[in-house]
Structures are given as structure tokens and as C-alpha cells.
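Single-letter residue listing:
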Amino acid sequence: AQSVTQLDSQVPVFEEAPVELRCNYSSSVSVYLFWYVQYPNQGLQLLLKYLSGSTLVKGINGFEAEFNKSQTSFHLRKPSVHISDTAEYFCAVSELGNEKLTFGTGTRLTIIP
Amino acid sequence: DAGVIQSPRHEVTEMGQEVTLRCKPISGHDYLFWYRQTMMRGLELLIYFNNNVPIDDSGMPEDRFSAKMPNASFSTLKIQPSEPRDSAVYFCASSSPIRYEQYFGPGTRLTVT
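Residues numbered from 1 in each chain as written. Chains lettered and ligands numbered in written order. Predicted model: local features only at pLDDT ≥ 70, side-chain atom pairs only at ≥ 80, totals over all residues. Heavy atoms only, no water.

Draft legend 1. Fine view of the state of the cysteines. For the structure shown, the criterion picks out two disulfides over all chains. Across the disulfide, C23(A) is cross-linked to C91(A) (sulfur-sulfur distance 2.0 Å). With the S-S dihedral at roughly -65°, the linkage between C23(A) and C91(A) falls on the left-handed side. Here C91(A) lies in strand β10 (residues 87-95) and C23(A) lies in the loop between β3 (19-21) and β4 (24-26), a separation of 68 residues in the sequence. Grouping residues by exposure puts C23(A) and C91(A) together as buried. In this model, C23(B) is linked to C92(B) through a disulfide, with the two sulfur atoms separated by 1.8 Å. Looking along the S-S bond of the C23(B)-C92(B) disulfide, the torsion reads about -65°, which is the left-handed sense. Of this pair, C23(B) sits in strand β3 (residues 19-24) while C92(B) is found in strand β9 (residues 88-95), placing the two residues 69 residues apart along the sequence. Pair check on accessibility: C23(B) and C92(B) agree, each one buried. (Disulfide = S-S within 2.5 Å. Helix = DSSP H or I, 4+ residues; strand = E, 2+ residues; numbered from the N terminus. Buried < 20%, exposed > 50% of the residue type's maximum accessible area, 1.4 Å probe, protein only.)

Have a look at this one:
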């Protein structure tokens, strides 16, 4: 079985500042990794995914994440945040070839004007 | 594409009543997932289907919960009888194989009084 740990439940960041949201996972097998975003009163939306290949993955809205196998991490970054990035961000993992996702507890990103 | 459609968007019911939540997945997607989101427990996978067949229902909390997928374009999640602790936002998501991208509906906010 796999698990996901999001170390920060809340992250406040000033507008136009960089941000990193941390995610660590645990699994006995190879995994796929995902970041989803949830805006208030909406469903989740896929930001980016790592399946294979380059460990640096670029997603929508200027976000990117880097897969680090040795540290079992998949941190999400954005060089300059905007007010519209205010949302909850979920890291998720699945076993290779398995559609079932295990989600972390989420990180609430608040942008300070 | 209309995306994943869920109905109703809000449901308020009294303890002991039967509740039925509905989901229409994206056309062509052959995986369908039911999730529950609460502040206390976060996002939990309840059950998922592949080609209308339930694959994993280990997340269904108890026998009061049941889910069906009679055809590729419709699924229901039923709670009978409902209890106040069932109050949550219930999401339906669908995906197509290989792409590993789940598309979430807007959710149904259930309140059981």
C-alpha cells in the first residue's frame, strides 16, 4: 500500500513571491505521482502528473514539480504566485498501471496581496 | 464536453431517510470513482468501477452505502438510512485508461440533520 504526506496544511505567500508545496510519498512499488488543485466550492482539477521520463514536470498555470526518487518526494513549485492561485492543493500517488489514487491531506495556499 | 455531471448539487435530508446521488461520467471514459470529502477525514475513495463493474469497494464505510453503475453513462451512490455523520461533499470522477487523468464533477454537498 502507498501513502502520501503533505507536510504543510497551510502556506501563506505574498503575491508575486515564489512558493513550494511539499509532498512525500511511501510505496513498496513504483508509482505515478500527481498534483490536483481544488478551488473553493469546486471539484479537483489535475495540475500535472509524473508517469515516466524527465523528472521535472510542467503543468498548467505555471506550476511545475520535480520527482526525486531517492528522497521519495514530489514537491510543487511556482516562481511567482497570483491571487488566483488561492486554493487547496492535493498530492496523490498510484501504483504503476493502477487507476486508483491515494490522496494527501491537502495544503491550503493563501496569497497575501 | 460537458464534463462530469453530478446531481443534486445540494441535498438536505433528515436522519433515517434514503439519499441517492447521481453521476454522469464523461463520454468515452470507462473508469468511474466515488469520493467523499470531509474536514476530519479529507478525501476518501469509496468505490470505483471499470467498464461498469465494481473493482474496489473497500472504502465504502458500511452496508448503508451502496453504488451501482447500470450503464456507461450513469452511476448512483445510495445511502440508506442516512445519518448525520454522512454529511460531506461527495465527488464523482471519471477517467480513460492509460492517460491517468481523473476528471472530477462539482460535487454534491450532503447535509443530514
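Here the narrative resumes.
Draft legend 2. A look at the environment of Y35(B). Residues and elements named next belong to chain B. Here Y35 lies in strand β4 (residues 31-38). Residue Y35 is classed as buried on the basis of its relative accessible area of 0%. Expressed as a C-alpha distance, the spacing of Y35 and P61, which sit 26 residues apart in the sequence, is 11 Å. A distance of 2.7 Å separates a polar atom in the side chain of Y35 from a polar atom in the side chain of Q102. (Polar contact = N/O pair within 3.5 Å; in protein donor to acceptor, adjacent residues only side chain to side chain.)

Draft legend 3. Focus on the pairing of β3(B). All names here are of chain B. In this structure, strand β1 (residues 5-7) lies alongside β3, joined through three bridges in antiparallel fashion. Bridging across to β3, S7 finds its partner in R22. Pairing between β3 and strand β8 (residues 74-79): five bridges, direction antiparallel. Counted as the bridge partner of V19 is I79 from β8. (Pairing = 2+ DSSP bridges.)

Draft legend 4. Here's a closer look at the side chain of D85(A). Residues and elements named next belong to chain A. Relative to the helices and strands, D85 resides in the loop between β9 (73-78) and β10. Engagement of the side chain of D85 in a polar contact is seen with the side chain of K78, the distance being 2.8 Å. When sequence neighbours within four positions are dropped, the list of residues in contact with D85 reads F63, K78, L109 and I111. (Contact = heavy atoms within 4.5 Å.)

Draft legend 5. Broad picture of the environment of D85(A). Look at D85(A) and you get buried, because its relative accessible area is 2%. When the C-alpha positions of D85(A) and G59(A) are compared, they lie 13 Å apart, and in sequence the two are 26 residues distant.

Draft legend 6. Inspection of the pattern of salt bridges at higher detail. Under the definition given, this model contains 16 salt bridges over all chains. Put simply, E20(A) and R77(A) hold a salt bridge, and the shortest N to O gap is 2.9 Å. Of the two residues, E20(A) sits in strand β3 while R77(A) sits in strand β9, which places them 57 residues apart along the sequence. R77(A) gets classed as partly exposed once you look at its relative accessible area, which sits at 28%. Here E101(B) makes a salt bridge to K49(A), at a shortest N to O gap of 2.7 Å. Here the residue E101(B) occupies a position in the loop between β9 and β10 (103-104), and K49(A) occupies one in strand β6 (residues 44-50), the pair thus bridging two chains. Owing to a relative accessible area of 22%, K49(A) belongs among the partly exposed residues under this scheme. The network of salt bridges with common partners includes E62(B), R64(B), E83(B), R85(B) and D86(B). (Salt bridge = Lys/Arg side-chain N within 4 Å of Asp/Glu carboxyl O.)

Draft legend 7. Examining the side chain of R36(B) more closely. Residues and elements named next belong to chain B. When you line up the elements, R36 lands in strand β4. R36 sits in the buried class, given a relative accessible area of 8%. Non-local contacts of R36, meaning those with residues more than four positions away in its chain, are made with R41, G42, L43, E44, L46, P61, F65, D86, A88, V89 and Y90.

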